[in-house]
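Descriptive structure summary
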Amino acid sequence: MKEAGARPVAIWLTHAHLDHVLGVARVASETGAPVWLHPGDRPLYDAVPDQAAWFGLAAPGQLPAPDRAFVPGEQLRVGSLSFEVRHAPGHSPGSVCLVGPGVVLTGDVLFAGSIGRTDLPGGDFQTLIASIERELLPLSDDTIVYSGHGPETTIGRERSSNPFLSGAYGIA
């Protein structure tokens, strides 16, 4: 951020799994940016030391309390860009996706060729599929998907070829 001359105005947490929150304390303390989290994931956020232990990792220091709660349907602005908050539980109870102009930030809800894990506490496969169908599949085919891991994709590509959405696993 320093090299780019950027100053974050917010830390948007799409969910509170360990791999998505470990840097929050440092970024918040160095920038003063407020932390946003859906209330459904507050128990996960507060249990980050337990999450670390599950994976044999040392517990990180105290995470800052979230400053703001994501509200489904709320419009968030960053400069001239606007993003709509969409609650998409299933990977975690408070997973959110942020829909902007021609893009969607999906966290770990939808990936190129896959979907988020549902075997962690708070995960639920049927809820995740329903969230994707309700919140993401209505987006236009050319909407670019930026997920929490892996390459970018598009809604159209995932609609037609993602085995969890195309019927290859017999669930579509």
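In the block above lies the structure referred to throughout.
Residues numbered from 1 in each chain as written. Predicted model: local features only at pLDDT ≥ 70, side-chain atom pairs only at ≥ 80, totals over all residues. Heavy atoms only, no water.

Here strand S10 (residues 144-147) shows a buried face lined by Val-145 and Ser-147 and an unburied face lined by Ile-144 and Tyr-146. Of the pairings in the sheet, the one linking S10 to strand S11 (residues 153-154) comprises 2 bridges and is antiparallel in character. The residue bridging Ile-144 from the neighbouring strand is Thr-154, located in S11. Counting the residues that bridge the hairpin from S10 to S11 gives 5 residues, and of these Gly-150 lies at a positive phi of roughly 85 degrees. (Buried < 20%, exposed > 50% of the residue type's maximum accessible area, 1.4 Å probe, protein only. Helix = DSSP H or I, 4+ residues; strand = E, 2+ residues; numbered from the N terminus. Pairing = 2+ DSSP bridges.)

We now examine a nonpolar patch on the surface. A contiguous nonpolar surface patch, about 210 Å² in accessible area, is contributed by Val-9, Val-78 and Leu-81. Turning to its location among the elements, Leu-81 is positioned in strand S5 (residues 81-87). (Patch = residues over 30% accessible without salt bridge, like charges linked within 9 Å, V, L, I, M, F, W, Y side chains within 5 Å. Areas by Shrake-Rupley, 256 points an atom, 1.4 Å probe, with all protein chains shown as cover. Salt bridge = Lys/Arg side-chain N within 4 Å of Asp/Glu carboxyl O.)

Our next topic: the sheet that holds strand S3 (residues 68-69). Spatially, 3 strands are ordered S1-S2-S3 in an open sheet, and the strand pairing comes out parallel. Two strands bound the open sheet, and with one partner strand each, they are strand S1 (11-12) and S3.

When you line up the elements, Leu-120 lands in the loop between strand S9 (114-115) and helix H5 (125-136). What makes Leu-120 buried here is its relative accessible area of 17%. If we skip the residues at most four places from it in the chain, Leu-120 touches His-17 and Phe-55. (Contact = heavy atoms within 4.5 Å.)

Backbone hydrogen bonds are what pair the strands of a sheet, in a parallel or an antiparallel way. If you trace the 6 strands from one edge of the open sheet to the other, you get S4-S5-S6-S7-S10-S11, paired in mixed fashion. Every interior strand has two partners, whereas the edge strands, strand S4 (75-78) and S11, have only one. Inspection of the sheet shows strand S7 (residues 103-107) paired to S10 by 4 bridges, in the parallel sense. Paired with Leu-105 across the two strands is Tyr-146, which belongs to S10. Relative to S5, H5 is tilted by about 145 degrees, and along the sheet it contacts S5, strand S6 (96-100) and S7. (Axes fitted to C-alpha atoms, helices over the stretch in contact; angles between N-to-C directions.)

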